[in-house]
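Examination of the molecular architecture
Chain by chain, the residues:
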Amino acid sequence: MNNFNFHELAKKHGFKEKNVKTILNKSKKNRGVFLGDYSLNPYLGCSFDCKYCYINGSKYAGSTKSFYIKFNALNILKNQLKRKSKIGERGIILFGSATDPYIDIEKELFLTRDLLKIANRFRFPIHLVTKSDLVLRDIDLFKKINKNGLLPKDIEKLDSKVIITFSFSTLDEKVAKIFEPNAPNINRRLKAIKKLKDEEFLVGVSLMPLLPFISDSYESIDKIISIFSDIEVDYVFGGSLTLFGERDNDSKTKYYKILNENFPKFVEPTKNIFKEKEYPNISYQNNIYKNLENVCRKYNIKNSII
Ligand code: SF4
């Protein structure tokens, strides 16, 4: 794409442009649940506007409503991967830690797609986390990455160079419409999973966050995972809600506003498990993890990618 079209598209979608010094952020944790060695976010901001999105108000980023395209992303990635390849450094690139890599503008801009081409050229494996069936557009590239990619030594047994995780907080379309108003609906996401499984990719689900009193009970988790079991996903993991900040666009403010409008009886119980903190209490969190583990075992689905 030439620069003129790039600028025009950015303008059309209300994005500003910025140049970055680095496009790969080295993960601080040693292989978290997402297994990424580096995270890569082609965009800042996310048009899906999930009301619980941890980006809003957390220390990790500003706001999903500040839209930027990383204008020099392709050149920077090329240079960074070239350097890493030269010294034999390998690692999984995680797309989607702070924005969805398949937000609306990607349909026309193809920035994520072009970054994937570079990952393939330098033989780096990838993990995509998304709510969008636009991911299906890039199946041809995933096949190439699966063939050419080189896994880091410590996870060679993974035997797949492409990992695709779909993100859900519920499987109820009405509830999803309230909390994830601009994201592709549940049915589209389920169909995309089936298609990717038909193509034999490693595909799983992140239930992050399960919504307190709405989708977090054992029964609810059981119902959700039984559906993922039917479509034979490779793994399901999940976690509890976090709520940050006091400003209008911060996740805490937005979440309670939406809860008050749609599920007023859950406002006080939710406040009780948070007790003014950003995370719910430990026993609540442990219970979520225990239920996820038990239900995954019941359906013989892995509770982690590896
Ligand atoms: S899709 Fe992900 S990054 Fe985008 S608003 Fe929703 S939770 Fe945030």
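Everything here concerns the structure above.
Residues numbered from 1 in each chain as written. Predicted model: local features only at pLDDT ≥ 70, side-chain atom pairs only at ≥ 80, totals over all residues. Heavy atoms only, no water.

1. Observations regarding the overall build of the chain
- Across its full length, the chain holds 11 helices and 10 strands.
- Scaling as 2.2 N^0.38, a compact globule of 306 residues should have a C-alpha radius of gyration of about 19 Å, and the chain matches this with 19 Å.
- Judged by the C-alpha coordinates and their principal axes, the chain covers about 55 × 45 × 35 Å.
- The buried share of the chain, taken over its 306 residues, is 55%.
- Pairs at least 24 apart in sequence give 78% of the contacts found in the chain among residues at least 6 apart.
- Roughly 14,700 Å² of accessible area belongs to the chain as shown, and the carbon and sulfur atoms make up 50% of that amount.
- Placing the 53 positive and 36 negative side-chain charges of the chain at their respective mean positions leaves the two points 5 Å apart. (Helix = DSSP H or I, 4+ residues; strand = E, 2+ residues; numbered from the N terminus. Rg over C-alpha atoms; globule rule 2.2 N^0.38 Å. Buried < 20%, exposed > 50% of the residue type's maximum accessible area, 1.4 Å probe, protein only. Contact = heavy atoms within 4.5 Å. Areas by Shrake-Rupley, 256 points an atom, 1.4 Å probe, with all protein chains shown as cover. Lys, Arg positive; Asp, Glu negative; His and termini not counted. Charge placed at Lys NZ, Arg CZ, Asp CG, Glu CD.)

2. What to know about the pairing of strand β9 (residues 202–210)
- Counting buried positions over the 9 residues of β9 gives 8, a clear majority of the element.
- With 5 bridges joining them, β9 and strand β10 (residues 235–240) adopt parallel strand pairing. Across the sheet, the residue bridging to Ser 206 is Phe 237, located in β10.
- Crossover β9 to β10 through helix α8 (residues 218–230) is right-handed. (Pairing = 2+ DSSP bridges. Right-handed = clockwise from strand over helix to strand, strands pointing away.)

3. Description of the packing of helix α9 (residues 251–262) against helix α10 (residues 267–274)
- α10 packs onto α9 with a crossing angle of 150° between their chain directions and a minimal axis gap of 10 Å. Taken together, the axes of α9 and α10 are roughly antiparallel relative to one another. On α10, the residues that touch Tyr 255, Tyr 256, Leu 259 and Asn 260 of α9 are Val 267, Thr 270, Lys 271 and Phe 274.
- Broken down by class, the residue content of the contact of α9 with α10 amounts to 5 nonpolar, 2 polar and 1 charged. (Axes fitted to C-alpha atoms, helices over the stretch in contact; angles between N-to-C directions. Parallel < 35°, antiparallel > 145°, perpendicular 65-115°, else oblique. Nonpolar A, V, L, I, M, F, W, Y, C, P; charged D, E, K, R; others polar.)

Any functional reading would require information that these geometric values do not contain.
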